[in-house]
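# Observations on the model geometry
This is what each chain is made of:
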Amino acid sequence: MTRTLRLGINIDHVATIRNARGGGLPDPVRAAKLAEDAGADGITAHLREDRRHISDEDIVGLMEQLAVPLNLEMAATDEMLGIALRHKPHAACIVPEKRQERTTEGGLDAAGGKDHLAPFVKALGEAGIRVSLFIEPEPAQLEAALELGAPVIELHTGRYCDSQGSERDHQFKRLTSAARLAENLGLECHAGHGLTFDSVGPIAAIPSVRELNIGHFLIGEAIFGGLDSAIKRMRALMDKARAEADNERSA
Ligand code: PXP
């Protein structure tokens, strides 16, 4: 079956739990293999400058053992570029990174940081790595991604997930129009951050979104019902929302 909407599973927080005690358990590579078996189309891992979750050894293990593509999330730094060029993952998603933040709080300022980002996008692209920029759903950011030559953008869904009522409607509209613009500009559109069983449906129904990257919620759900079942449920909710939206459009 050709899937029009891929699911990337972010395994960072398996490493967060491991690192809370030191040692090797739970093993993020084992979680990634399990995610693969449960229907993940790809695995995402963010190697942070401070190595607070994923480690360099995890990247080695993922590259050696995964059958599905690895999407390496990375800051635009020389250190991370060197690591990406050494391992050559299928994809690299450039994210903003601040030491003090708990998670990636906002999108990359591709528009304001074009000069800094250009050599990273170029070097990764020349190495055959599919580059994506994690951005807010703003036209100026998408246009900057196009100018930079990044083939993929990932829309930050955090504000949508964190809001309610009319603010959520507003954030959803920003996402749908950014996804439409991405398609018009010829950029492949991914989305992620903060997605749950409750919030995934509307995002999965946006026709130009090709991939969702989901982590924290699923690792948390795994505590209650297992990772396999959490991923399968997410996959089913995504597929249902996408199929219903496709049917409505063709009716
Ligand atoms: N996409 C990107 C670029 C991210 O940085 C993250 C969080 O690390 C995610 C998706 C997944 O977000 P969450 O863990 O909230 O599902």
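This report concerns the structure included in the present document.

Thresholds, definitions, all that
Residues numbered from 1 in each chain as written. Predicted model: local features only at pLDDT ≥ 70, side-chain atom pairs only at ≥ 80, totals over all residues. Heavy atoms only, no water. Near = heavy atom within 4 Å. Polar contact = N/O pair within 3.5 Å; in protein donor to acceptor, adjacent residues only side chain to side chain. Areas by Shrake-Rupley, 256 points an atom, 1.4 Å probe, with all protein chains shown as cover. Nonpolar A, V, L, I, M, F, W, Y, C, P; charged D, E, K, R; others polar. Axes fitted to C-alpha atoms, helices over the stretch in contact; angles between N-to-C directions. Helix = DSSP H or I, 4+ residues; strand = E, 2+ residues; numbered from the N terminus. Parallel < 35°, antiparallel > 145°, perpendicular 65-115°, else oblique. Contact = heavy atoms within 4.5 Å. Disulfide = S-S within 2.5 Å. Buried < 20%, exposed > 50% of the residue type's maximum accessible area, 1.4 Å probe, protein only. Phe/Tyr/Trp six-rings, centres within 6.5 Å; stacked < 30°, edge-to-face > 60°. Salt bridge = Lys/Arg side-chain N within 4 Å of Asp/Glu carboxyl O. Expected span 1.5 Å × (residues − 1). Core = buried A, V, L, I, M, F, W, Y, C linked by side-chain atoms within 4.5 Å. Arc of directions from axis to C-beta.

## Examining the site of the ligand
Near the ligand you find 15 residues, and of these Glu73, Glu154, Gly194, Gly215 and His216 are the closest. Gly194 places a main-chain nitrogen or oxygen 2.8 Å from an oxygen atom of the ligand. Gly215 is positioned such that a nitrogen or oxygen atom in its backbone is 2.8 Å from an oxygen atom of the ligand. Isolated, the ligand exposes 390 Å² of accessible area, and the fraction of that covered by the protein chains is 96%. Considered class by class, the residues forming the shell around the ligand number four nonpolar, eight polar and three charged.

## A look at the packing of helix 4 (residues 78-87) against helix 5 (residues 114-126)
Interaxial distance between helix 4 and helix 5 falls to 10 Å at its minimum, and their mutual angle equals 10°. One finds that helix 4 runs roughly parallel with respect to helix 5. On helix 5, the residues touching Asp78, Leu81, Ala84 and Leu85 of helix 4 are Phe120, Ala123 and Leu124. Its residues placed into classes, the contact of helix 4 with helix 5 shows six nonpolar, no polar and one charged.

## Observations regarding the state of the cysteines
Evaluated as defined, the whole model comprises zero disulfides. Here Cys93 is not cross-linked by a disulfide; its sulfur's nearest cysteine counterpart is in Cys189, at 12 Å. Residue Cys189 is classed as buried on the basis of its relative accessible area, which comes to 1%.

## Thoughts on the packing of aromatic side chains
A complete count under the given rule lists two aromatic pairs for this structure. A ring pair is formed by Tyr160 and Phe172, whose centres lie 5.9 Å apart and whose planes are at 40°; its orientation type is tilted. A residue pair is termed long-range when its members are at least 10 positions apart, and Tyr160 in helix 7 (residues 158-162) and Phe172 in helix 8 (residues 165-185) qualify at 12 residues. Residues Phe197 and Phe217 carry aromatic rings whose centres are separated by 4.8 Å and whose planes lie at 85° to one another, so their mutual orientation is edge-to-face. Of this pair, Phe197 sits in the loop between strand 7 (188-192) and helix 9 (200-204) while Phe217 sits in helix 10 (residues 216-225), placing them 20 residues apart in sequence. The buried category is assigned to Phe197, whose relative accessible area is 13%. With a relative accessible area of 22%, Phe217 lands in the partly exposed category.

## Quick notes on the pattern of salt bridges
Throughout the structure, instances matching the rule amount to 17 salt bridges. Where Arg18 meets Asp58, a salt bridge forms, and the shortest distance between an N and an O atom there is 2.8 Å. Taken as a pair, Arg18 in helix 1 (residues 12-21) and Asp58 in helix 3 (residues 56-65) lie far apart in primary sequence, 40 residues in all. Considered together, Arg18 and Asp58 belong to a single accessibility category, that of buried residues.

## Details of helix 8
With 21 residues, helix 8 extends 30 Å between its outermost C-alpha atoms, agreeing within 8% with the 30 Å of an ideal straight helix rising 1.5 Å per residue. Of the positions making up helix 8, those classed as buried are Gln171, Arg174, Leu175, Thr176, Ala178, Ala179, Leu181 and Ala182. At its buried positions, helix 8 is contacted by helix 6 (139-148), strand 6 (152-156), helix 7, strand 7, helix 9 and strand 8 (209-214). Looking one or two places after helix 8, you find Gly186, whose phi comes out positive at around 80°.

## Details of the nonpolar core
Among soluble globular proteins, nonpolar side chains are generally buried collectively. In this structure, Ile11, Ile43, Leu62, Ile94, Leu133, Leu155 and Leu212 are the most contacted members of the largest nonpolar core, which totals 74 residues. If one sorts the elements of this core by residue count, helix 11 (residues 227-250) sits on top with six residues. The residues contacting Leu133, other than those within four sequence positions of it, are Ile94, Leu108, Ala110, Val121, Ala145, Leu148, Ala150, Val152, Ile153 and Glu154.

## What to know about helix 6
Listed as buried for helix 6 are Gln141, Leu142, Ala144, Ala145 and Leu148. For helix 6, the angular spread of buried residues about the axis comes to 160°, placing them on one side. Residues of helix 6 that are buried make contact with helix 5, strand 5 (130-135), strand 6 and helix 8. Gly149, located one to two residues past helix 6, shows a positive phi value of around 85°.

## Description of the side chain of Gln141
Position of Gln141 relative to the elements: it lies in helix 6. Overall, the relative accessible area of 7% leaves Gln141 in the buried class. Within the structure, Gln141 has its side chain in polar contact with the backbone nitrogen of Ala110 (distance 2.8 Å). With residues near it in sequence (within four places) discarded, Gln141 still touches Leu108, Asp109, Ala110, Ala111, Ile135 and Glu136.

Any functional reading would require information beyond the geometric quantities listed.
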